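A closer look at the structure
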Amino acid sequence: MRVQVAHKQSTTWLLATTVAGACVASWAPCVRAGIDETTLSYIFNFYSDVDGVDVIGSYVMTGARLDNRLGLTFQWVHDRVMIPAIEAPPGSQEAADAITSASRPIANSGDPYQDYVKTRNSFEGSANYHGYDVGYYVSMESDYFAQMVSLAYNHDLHGDNLNLAVGASYSLDSIEPLEDDDTAGAPDYRNTTYWNVVATQVVTKTTVVRVGAEFNRVTGLQHDPYRNVYVAGTNVPENHPDERVRRDLFLGLTQYIYNRSSVMLDYRYYSDDWGVESHTIGAKLNQYVNEQFVFRYRYRYYSQLSSTFYRDEYTAPGGIDGNQTGDYRLGDFGAHLFGGQVAWHPHRFFGFGTRTRVTFGYERYFNSNNFSADVFETGLLVAF
Amino acid sequence: MKRVDRIVFVLSLVLAAGCTSVRPYEKEHLADPIMVSSKDEAMRELKWLEAREGSTGGAGGAGGGCACK
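Definitions and cut-offs
- Every chain is numbered on its own, with residues counted from 1 as its sequence reads.
- All chains are assigned letters beginning with A, and all ligands numbers beginning with 1, in the order in which they are written.
- Only residues with pLDDT of at least 70 get local features here, since the model is predicted, and only at 80 or more are side-chain atom pairs given and counted; chain-wide, interface and lining totals rely on the full set of residues.
- Secondary structure counts use DSSP, requiring at least four H or I residues in a row for a helix and at least two E residues in a row for a strand, with both numbered from the N terminus.
- Once C-beta atoms are placed from the backbone, any two residues with those atoms within 7 Å are in contact.
- Put plainly, a residue is buried at 20 or more neighbouring C-beta atoms within 10 Å of its own, exposed at 12 or fewer, and partly exposed in between, counting only other residues' C-beta atoms, which are placed from the backbone.
- Whether two strands pair comes down to DSSP finding at least two bridges between them.
- Nonpolar cores are built from buried Ala, Val, Leu, Ile, Met, Phe, Trp, Tyr and Cys residues. These are joined into a set through C-beta atoms within 7 Å.
- As a per-residue measure, pLDDT tells how confident the predictor is, with possible values from 0 to 100.
- Every helix has an expected span of 1.5 Å times one less than the residues it contains.

Some details on the overall build of chain A
Regarding its fold elements, chain A presents three helices and 18 strands. Long-range contacts, defined here as pairs at least 24 residues apart, represent 61% of the contacts in chain A between residues at least 6 apart.

Listed below in structure tokens is the structure:
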């Protein structure tokens, strides 16, 4: 049975192109809403999946409040992505079906037999003044350059029991695909307009509820220029629509429990005009073991419906209204994620020194397409 | 979608109404670090989940503080 190229996940391209999108989508980390103290932190993140793709990420973050009103944050991220070599001649059926062929550039006969490595650096800064946040983000890699500007405002109401926040951002991405033997990616662009509104309400002395809505409009190149899909028995480059309107609604509830633990429950509904629709539920349990250690356990379930133009294989040229993709991210599937983290506060052990936190975490992700991944993360935060 | 919209709209109205008034000295538990999700952590997670799924969002929001001052 032939294994479709399209079923394999994109690797470096997806990681590269979604970074800016994720920054836009989640917004909050890009423009943090208020800095209570001066902190410096480092995070080491290691991602490894069943297809042999490894990503090593390093994050350096700092934040400072210069006076009672003005706060500044800065973040540098360095990612190193490694995609394994293919094990068959380029262009052969075995190579076409190999995991790397769909998502890495292959420019000569020797190249496919070597691991493909790329790096990405991003810088991000924000200023927070009197409830207003202004941010700038830039990301650089060999075939992708992204910039984003953002603006947000939040305000406390009802005796600081309700916080209302609105935000917007605009990103401009420049894409220059590398030379690839079986696709022909020309320079292109991708722009994203984003806004959100979030309400956070203290319900009781131990309960907080959060409700939010987000909207994205993405224009420009939205498929992986290194990916192919089977059309009438041959491999041809994928093609996605050049516009996508994405929206999501999310709810969250955090409840303190009197044995020094808390439960966080959340739900997200997502839909877009490509026909993708998804539901996500999550739960986290945080528990103090003693003054020094906090354990966290979490579970997340994700369920997605297919886009209107996704197919395993197209029987005739032309796709669906000119669009064609075998990218499983646009198909039906479900996914589970389990994980745990331990946080150690050494200053509580020694009884003196600056506030310090050391974390170790592990998560396992798997989905109904027989894909799985492991994510390890460790970090150090120092507050001055 | 419309049903979810309505649910969120109603919940928003309830929230906006400020149905309770918890005083500052009653917010000890709300201010505990275990009551706050890390937005940076959510961002890092969304970064790789977006590369594996067709959806996005839900990781945070502009501002949206913990309302626990």
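Regarding the overall build of chain B
Assigned secondary structure in chain B consists of two helices and zero strands. Residue burial in chain B is summarised as follows: out of 69 residues, 48% are buried.

Observations concerning the environment of A:L172
Residues and elements named next belong to chain A. Locating L172 in the fold gives a position in strand 7 (residues 162-175). When the C-alpha positions of L172 and D49 are compared, they lie 30 Å apart, and in sequence the two are 123 residues distant. Leaving out residues up to four positions away in the same chain, L172 has contacts with Q147 and N191.

Here's the deal with the pairing of strand 6 (residues 144-157) of chain A
Residue and element names in this part refer to chain A. Strand direction decides the pairing type here: strand 5 (residues 132-141) and strand 6, joined by 10 bridges, are antiparallel. By the bridge assignment for strand 6, M140 is matched with F145. Where strand 5 folds back onto strand 6 in an antiparallel hairpin, the turn is made up of two residues. With 14 bridges joining them, strand 6 and strand 7 adopt antiparallel strand pairing. For A146, the partnering residue across the bridge sits in strand 7 and is D173. Hairpin connection of strand 6 to strand 7: four residues between the antiparallel strands, including H158 at a positive phi of 50°.

As for the environment of A:D224
Residue and element names in this part refer to chain A. For D224, the location among the structural elements is in the loop between strand 9 (207-220) and strand 10 (228-231). The exposure class assigned to D224 is buried, which follows from the 26 C-beta atoms found within 10 Å. Along the backbone, D224 and G361 are 137 residues apart, and their C-alpha atoms lie at a distance of 31 Å.

Let's talk about the pairing of strand 13 (residues 261-272) of chain A
All names here are of chain A. Note: strand 12 (residues 243-257) against strand 13, 12 bridges, orientation antiparallel. When the bridges of strand 13 are listed, L251 appears paired with Y267. Counting the residues that bridge the hairpin from strand 12 to strand 13 gives three residues, and of these R260 lies at a positive phi of roughly 65°. The turn linking strand 13 back onto strand 14 (residues 277-288) is made up of four residues, and G275 within it adopts a positive phi angle of 95°.

Examining the environment of A:D79
Residue and element names in this part refer to chain A. Looking at the secondary structure, you find D79 in strand 3 (residues 70-83). On the neighbour-count criterion, D79 (23 C-beta atoms within 10 Å) is buried. Taking the C-alpha atoms as reference points, D79 and Y136, separated by 57 residues in sequence, lie 19 Å from one another.

Re the nonpolar core
Soluble globular proteins tend to pack their nonpolar side chains together in the buried interior. Counting 20 residues, the largest nonpolar core has A:Y47, A:A335 and B:W48 as its most contacted members. Looking at this core, the elements with two or more residues in it are strand 3, strand 16 (333-344) and strand 18 (372-383) of chain A together with helix 2 (39-50) of chain B. Per-element tally for this core: the top contributor is helix 2 of chain B, with four residues. Once residues lying within four places of it in the same chain are set aside, the contact partners of A:A335 are A:Y302, A:Y365, A:F366, A:N367 and B:E53. Residues A:V202, A:V208, B:L30 and B:I34 belong to the second largest nonpolar core, which totals nine residues.

So, the confidence of the model for chain B
Looking at chain B as a whole, the pLDDT averages 74, with 57% of positions reaching at least 70. In the predicted complex, the global pTM is 0.84; the interface-specific ipTM is 0.81.

A closer look at the confidence of the model for chain A
Taken as a whole, chain A shows an average pLDDT of 83; of its residues, 82% reach a score of 70 or greater. Predicted confidence for residues 97-102 of chain A stays below pLDDT 50, and this span has 23 contacts to residues more than four positions away or in other chains.

Observations concerning helix 2 of chain B
Residue and element names in this part refer to chain B. Along its 12 residues, helix 2 runs 16 Å from first to last C-alpha, staying within 8% of the 16 Å computed at 1.5 Å per residue. The element helix 2 is extensively covered by neighbouring structure, given that nine of its 12 residues are classed as buried. Along helix 2, the positions that sit buried rather than exposed are D40, M43, R44, E45, L46, K47, W48, L49 and E50.

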